[in-house]
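Fold and geometry: a report
Chain by chain, the residues:
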Amino acid sequence: MSDEEHHFEAKGDAGASKTYPQQAGTIRKNGYIVIKNRPCKVVEVSTSKTGKHGHAKCHFVGIDIFNGKKLEDIVPSSHNCDVPHVNRTDYQLIDISEDGFVSLLTENGSTKDDLRLPTDDNLLGQIKDGFAEGKDLVVSVMSAMGEEQICALKDIGPKN
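The name that an unreviewed UniProt entry assigns to the chain is Eukaryotic translation initiation factor 5A, with the source organism given as Liquidambar formosana. What UniProt states about the chain under its Sequence similarities (unreviewed entry) heading is, verbatim, "Belongs to the eIF-5A family."

Focus: the overall build of the chain
Broken down by element type, the chain carries one helix and eleven strands. Across the chain, helices and strands are ordered from the amino to the carboxyl terminus as β-β-β-β-β-β-β-β-β-α-β-β. For the chain, the residues scored as buried account for 31% of the 160 residues in total.

Thoughts on helix α1 (residues 121-132)
Given 3.6 residues per turn, any residue in an α-helix points the same way as the ones three and four places further on. With twelve residues, α1 extends 16 Å between its outermost C-alpha atoms, agreeing within 8% with the 16 Å of an ideal straight helix rising 1.5 Å per residue. Here α1 has its buried residues at Leu123, Ile127 and Gly130. Angularly, the buried residues of α1 cover 75° about the axis, an arc narrow enough to put them on a single face. Turned more than 90 degrees away from the buried face of α1, the exposed residues are Asp121, Asn122 and Ala132. One or two residues past the end of α1 sits glycine 134, with phi positive at roughly 80°.

Considering the pattern of salt bridges
Using the criterion set out here, one finds six salt bridges in the structure. Ionic pairing is found between aspartate 64 and arginine 38, a salt bridge with its closest N-O pair at 2.6 Å. Pair noted here: aspartate 64 is in strand β4 (residues 57-64) and arginine 38 is in strand β3 (residues 38-48), with a separation of 26 residues, a long-range link. We note a salt bridge from glutamate 148 to lysine 112, for which the minimum N-O separation is 2.9 Å. One end of the pair, glutamate 148, is in strand β11 (residues 147-158); the other, lysine 112, is in strand β9 (residues 111-116), with 36 residues separating them in the sequence. On the basis of relative accessible area, lysine 112 is assigned to the buried category, the value being 13%. Salt bridges here are not isolated pairs; linked through shared partners, they connect Arg38, Asp64 and Glu147.

Cut-off values and rules
Residues numbered from 1 in each chain as written. Predicted model: local features only at pLDDT ≥ 70, side-chain atom pairs only at ≥ 80, totals over all residues. Heavy atoms only, no water. UniProt positions renumbered as here; feature names shortened; annotations may be inferred. Helix = DSSP H or I, 4+ residues; strand = E, 2+ residues; numbered from the N terminus. Buried < 20%, exposed > 50% of the residue type's maximum accessible area, 1.4 Å probe, protein only. Expected span 1.5 Å × (residues − 1). Arc of directions from axis to C-beta. Salt bridge = Lys/Arg side-chain N within 4 Å of Asp/Glu carboxyl O.

Below, the structure written as structure tokens:
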């Protein structure tokens, strides 16, 4: 055995990946997939038959979970696709600042102040109206691949 000591420099995070591989043939409708480096919800999957030489192909149609754009990809069904780790977390809305950021209460009692109001006009209107009326609002925040966005709203009744 060698008597040398090995030194490793810590570089960055713990290596928790933003995506995980999954065989293309096993991804179904309403699942998630990465298309053109964007996390997407699969709205349509069609599989073509194998040709004379080659693989069956899967044709995915997905909607970007953050900006709503439609993206398409064709992958051989035996190959792996990246699937994003998608998390939904509920936070209570505390405040809306003038510059379009929201202040949210986390489960452990701290505040989260780095999220913008959603770009969807319908959801934006519901949040602003409900907050103006003094209702207790809970927002669902979807996070994937280092991005976060408010995607839903629940009204848990008037403030006491």
